[in-house]
Structures are given as structure tokens and as C-alpha cells.
Amino acid sequence: TVRVRASNVVTIRVLANNTLTFDDMPVALSRLQQMIRDRVAGNDQIVVVLETHPDADYGMMIACLDEVKLADARKVSLKTTKP
């Protein structure tokens, strides 16, 4: 188990209805890459947690993961939300 300070964690959630949140704020997929890039630029210790609801569309999770990779985030954790 690795402990990470809360200030170094960004949480992206793919909700059951396929909408996205970025640190609990609604966000469009088209803005996700830039938001992650901005956060990583300010702190190279950022860990991106991609949390997906089991009822969400698998394609949306993959699209989010692609945006995370394009934003050059190096520390990523995948998680499934409990329904």
C-alpha cells in the first residue's frame, strides 16, 4: 500500500449515466485532457484516479483513459465504483 497525499490526487469519475466529474465537478470529455495537463504541470506528483461505475459504458472509460494518457499523466490508478 502506498500512501498519497490528498492534494496529489485527481479523481475522474465516469458515472452510471456516462457523465464525467473531475474532482466532483461536472466536466465534458473534450475538456478533460487540458484539465489534467494543467494539474500535472503544477505538480508532477499528481496521481490520476479513474473511477468507473459498473453500469457506465466501457467506451467512455476507455475515452477517459485515452485523455489521461494524452495529458502525459504518468501515475494512474483504475478503480470501479461500488453500485
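Scroll up a little and you will see the structure.
Below, the structure is looked at part by part. (Residues numbered from 1 in each chain as written. Predicted model: local features only at pLDDT ≥ 70, side-chain atom pairs only at ≥ 80, totals over all residues. Heavy atoms only, no water.)

1. A closer look at helix α2 (residues 58–70)
Right, so step 1: The terminal C-alpha atoms of α2 lie 19 Å apart, and with 13 residues this matches the ideal 18 Å at 1.5 Å per residue to within 8%.
Right, so step 2: Listed in full, the buried residues belonging to α2 are Met60, Met61, Cys64, Glu67 and Val68. The arc that holds the buried residues of α2, viewed along the axis, is 120°, so those residues lie on one side. Away from the buried face of α2 by more than 90 degrees, exposed residues Tyr58 and Lys69 are located.
Right, so step 3: Tucked into the core, α2 has its buried residues touching β1 (9–14), β2 (20–22), α1 (29–42), β4 (47–52) and β5 (76–80).
Right, so step 4: Where α2 terminates, the next one or two residues include Asp72, which has phi positive at roughly 65°. (Helix = DSSP H or I, 4+ residues; strand = E, 2+ residues; numbered from the N terminus. Expected span 1.5 Å × (residues − 1). Buried < 20%, exposed > 50% of the residue type's maximum accessible area, 1.4 Å probe, protein only. Arc of directions from axis to C-beta. Contact = heavy atoms within 4.5 Å.)

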